[in-house]
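Take a look at the letters that make up each chain.
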Amino acid sequence: MSKYDVTIIGSGPGGYVAAIRCAQLGMKTAIIEKYDTLGGTCLNVGCIPSKALLDSSEHYHNATHTFEEHGIKVDNVVADINQMIARKDKVVEQTCNGVKFLMDKNNIDVHHGVGSFVDKNTIKVTDKDGKETTLETKNTIIATGSKPNYFPGMEPDKKRIITSTEALALKEIPKDIIVIGGGVIGLELGSVYARLGSKVQVVEFAKSIIPTMDGTMGKELTKVLKKLKMKFNMEHRVQSVENTGDRVKVTALNKKGEEVVLEADYCLVSVGRKPYTEGLGLENVGIAVNDRGQIETDNHLKTNVDGIYAIGDVVKGAMLAHKAEEEGTFVAEHLAGQIPHINYDLIPGVVYTWPEVAAVGKTEEQLKEAGVAYKTGSFPIKALGRARASMDIQGLVKILADKETDEILGMHIIGARAADLIMEGVTAMEYRASAEDIARISHPHPTYSEAVKEAAMAATEDRAMHI
């Protein structure tokens with residue numbers, strides 16, 4: 001029986017980062033992964049492959065919409081979905097191999113198979129051939145992630161009624177596709193196929209897309225996606241989804257209670273994700289799980305069982321790869337006797353449409369609900385010289401600051417490279433900077449970052465200069 005200081009179940013961003021940090025801190029470490037490749041959902045069927053397809057489809061869209069304006073004449077542009085998928089697969093393979101390299105580099109033992117608790121210090125690993133291996137461990141970190149969620153009546157058959165996993169590997173560009181859910185995953189994948197020429201309809205229960213983000217972002221992103229000819233059915237409650245053979249039929253009720261029937265080649269069910277804990281044998285050690293299927297943890301991410309921790313999508317909080325990474329590092333350092341810290345209020349969120357949407361801190365709606373006195377400043381991307389030069393003129397930067405102290409409370413961006421620009425807000429807010437602090441920092445010209453400076457100036461004294 002192999003003995004370890006710590007064993008991590010799950011090799012996604014949370015799990016493999018936890019393993020590396022544990023190894024760096026001198027612990028004998030093992031990681032268990034049920035699939036043949038490392039990296040979990042994010043690297044295999046999530047963050048990485050979706051970005052590969054987003055980039056490929058954006059190149060195609062530009063070739064057919066903006067190249068001529070740039071003086072680039074291209075005839076007979078064809079979207080080869082099979083090559084796009086092949087490139088995506090290559091990117092995934094390279095990235096997963098990179099994780100394997102990191103495991104080897106840090107002397108982390110990798111066990112492939114399903115890990116389940118025999119007791120709190122014993123884990124059984126069952127590989128795909130049924131062979132069992134037993135590990136003895138002082139500590140365990142559960143990092144098994146999540147899987148696509150769905151509600152009654154919209155059960156995926158993975159043929160015509162698909163999840164994000166199948167949407168990343170279609171053999172054809174659909175003539176039309178229905179996306180149930182106006183959240184991050186649905187909009188990203190919907191925009192991929194809209195750029196490639198599919199007619200995309202979104203069905204969303206809420207009044208706005210990306211409903212958990214600042215309302216301004218939802219409104220602006222709706223305008224952007226409508227330019228891709230995406231259609232939106234807001235405040236619609238899906239009743240059923242039916243595979244009719246070579247088509248799919250979605251029946252929903254609109255806000256007036258009237259029945260609406262939509263048809264398409266495919267229906268992408270994208271109504272969030274749920275914690276994945278199947279086969280872990282949590283009941284064998286008495287680990288507490290809440291009514292949402294999340295593993296209960298304390299402020300140190302420890303479960304109710306000594307020596308067992310949980311991180312990432314299986315615990316409360318946003319289901320984000322970088323949140324899982326921070327938690328993996330946190331647990332490793334806690335086990336080493338350090339005093340780590342995570343500021344959950346400053347974990348940024350990103351929607352990788354084009355332009356991108358990114359946010360950190362409080363939304364305007366949250367500040368209103370909490371009764372916080374605030375001020376706001378915004379600046380349109382189209383006013384930037386850099387944006388006009390690149391033809392990426394859609395979007396804006398919005399900064400929320402305390403009305404009395406000027407401390408930045410939230411930053412919300414829709415625009416080119418918003419996913420990178422948001423880190424200016426994260427850094428500033430980690431140091432409790434004011435809007436004036438950003439306004440007085442020199443930003444290079446011409447860049448997109450100037451919009452952040454101008455929004456900060458607008459929030460400070462309503463003194464944005466270039467609008």
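The paragraphs below set out a description of the structure included in this document. The structure presented is a predicted model; accordingly, all values stated were derived computationally and were not measured. (Residues numbered from 1 in each chain as written. Predicted model: local features only at pLDDT ≥ 70, side-chain atom pairs only at ≥ 80, totals over all residues. Heavy atoms only, no water.)

### Examining the overall build of the protein chain
Phase 1: Helix and strand counts for the protein chain stand at 14 helices and 22 strands.
Phase 2: The C-alpha atoms of the protein chain give 24 Å as radius of gyration, which agrees with the globular expectation for 467 residues (23 Å, within 12%).
Phase 3: Along the first, second and third principal axes, the C-alpha atoms of the protein chain reach 65 × 60 × 50 Å.
Phase 4: A total of 467 residues make up the protein chain; the buried ones form 52% of that total.
Phase 5: Long-range contacts, defined as pairs at least 24 residues apart, comprise 63% of the intrachain contacts of the protein chain with a sequence gap of at least 6.
Phase 6: Carbon and sulfur atoms make up 48% of the accessible area of the protein chain, which amounts to about 22,300 Å² in all.
Phase 7: Across the protein chain, the mean location of the 55 positive side-chain charges is 3 Å away from that of the 64 negative side-chain charges. (Helix = DSSP H or I, 4+ residues; strand = E, 2+ residues; numbered from the N terminus. Rg over C-alpha atoms; globule rule 2.2 N^0.38 Å. Buried < 20%, exposed > 50% of the residue type's maximum accessible area, 1.4 Å probe, protein only. Contact = heavy atoms within 4.5 Å. Areas by Shrake-Rupley, 256 points an atom, 1.4 Å probe, with all protein chains shown as cover. Lys, Arg positive; Asp, Glu negative; His and termini not counted. Charge placed at Lys NZ, Arg CZ, Asp CG, Glu CD.)

### A short note on the sheet that holds strand E11 (residues 231-234)
Phase 1: Here we have five strands laid out as an open sheet, ordered E8-E15-E9-E10-E11, and parallel in their pairing. The open sheet has two free edges, formed respectively by strand E8 (161-162) and E11, since each of these has just one partner strand.
Phase 2: Pairing geometry for strand E9 (residues 176-180) and strand E15 (residues 266-269), over four bridges, is parallel. Bridged to Ile178 within E15 is Cys267.
Phase 3: Helix-sheet contacts for helix H6 (residues 184-195) involve E9, strand E10 (199-204), E11 and E15, and the interaxial angle to E10 is about 165°. (Pairing = 2+ DSSP bridges. Axes fitted to C-alpha atoms, helices over the stretch in contact; angles between N-to-C directions.)

### Notes on the packing of helix H3 (residues 47-65) against helix H4 (residues 81-105)
Phase 1: Direction vectors running N to C along H3 and H4 enclose 140°, while the axes themselves pass 9 Å from each other. As for how H3 packs across H4, the hand of that crossing is right-handed. Only Met84, Ile85, Arg87, Lys88, Val91, Val92 and Thr95 of H4 make contact with H3, whose side of the interface consists of Ile48, Pro49, Ala52, Leu53, Asp55, Ser56 and Tyr60.
Phase 2: Within the contact of H3 with H4, the residues separate by chemical class into nine nonpolar, two polar and three charged. (Left-handed = near helix turned anticlockwise from the far one by under 90°. Nonpolar A, V, L, I, M, F, W, Y, C, P; charged D, E, K, R; others polar.)

### Looking at the pairing of strand E19 (residues 356-361)
Phase 1: Of all six residues that make up E19, five are buried, and the element is covered over most of its length.
Phase 2: Pairing of strand E18 (residues 349-351) with E19 involves three bridges; the strand directions are antiparallel. Opposite Val350, over in E19, you have Ala358 as the bridge partner.
Phase 3: Linking two consecutive strands that pair antiparallel, namely E18 and E19, is a turn of four residues.
Phase 4: Note: E19 against strand E22 (residues 408-415), six bridges, orientation antiparallel. Counted as the bridge partner of Ala359 is His412 from E22.

### Looking at the side chain of Ser11
Phase 1: Positionally, Ser11 belongs in the loop between strand E1 (2-9) and helix H1 (13-24).
Phase 2: Within polar-contact distance, the side chain of Ser11 engages the side chain of Glu33 at 2.6 Å.
Phase 3: Here Gly39 takes part through its backbone nitrogen, which lies 3.0 Å from a polar atom of the side chain of Ser11.
Phase 4: If near-sequence neighbours (up to four positions away) are discounted, Ser11 is found in contact with Tyr16, Ile31, Ile32, Glu33, Thr37, Leu38, Gly39 and Gly40. (Polar contact = N/O pair within 3.5 Å; in protein donor to acceptor, adjacent residues only side chain to side chain.)

### Quick look at the pattern of salt bridges
Phase 1: Counted under the stated rule, the structure contains 22 salt bridges.
Phase 2: As a salt-bridge pair, Asp104 and Lys100 come within 2.8 Å of each other at their nearest N and O atoms. Taken together, the positions of Asp104 and Lys100, both in helix H4 and four residues apart, correspond to about one turn of that helix.
Phase 3: Within this structure, Asp176, Arg247 and Asp265 form a network of salt bridges that share partners. (Salt bridge = Lys/Arg side-chain N within 4 Å of Asp/Glu carboxyl O.)

### Things to note about the sheet that holds strand E14 (residues 259-264)
Phase 1: The strand order E12-E13-E14 describes an open sheet built from three strands, whose pairing is antiparallel. With one partner strand each, in any of the chains shown, strand E12 (237-243) and E14 form the two edges of the open sheet. Ignoring strand direction, the axes of neighbouring strands in this sheet form an average angle of 20°.
Phase 2: Of the strand pairs in this sheet, strand E13 (residues 248-253) and E14 are connected by six bridges, and their pairing is antiparallel.

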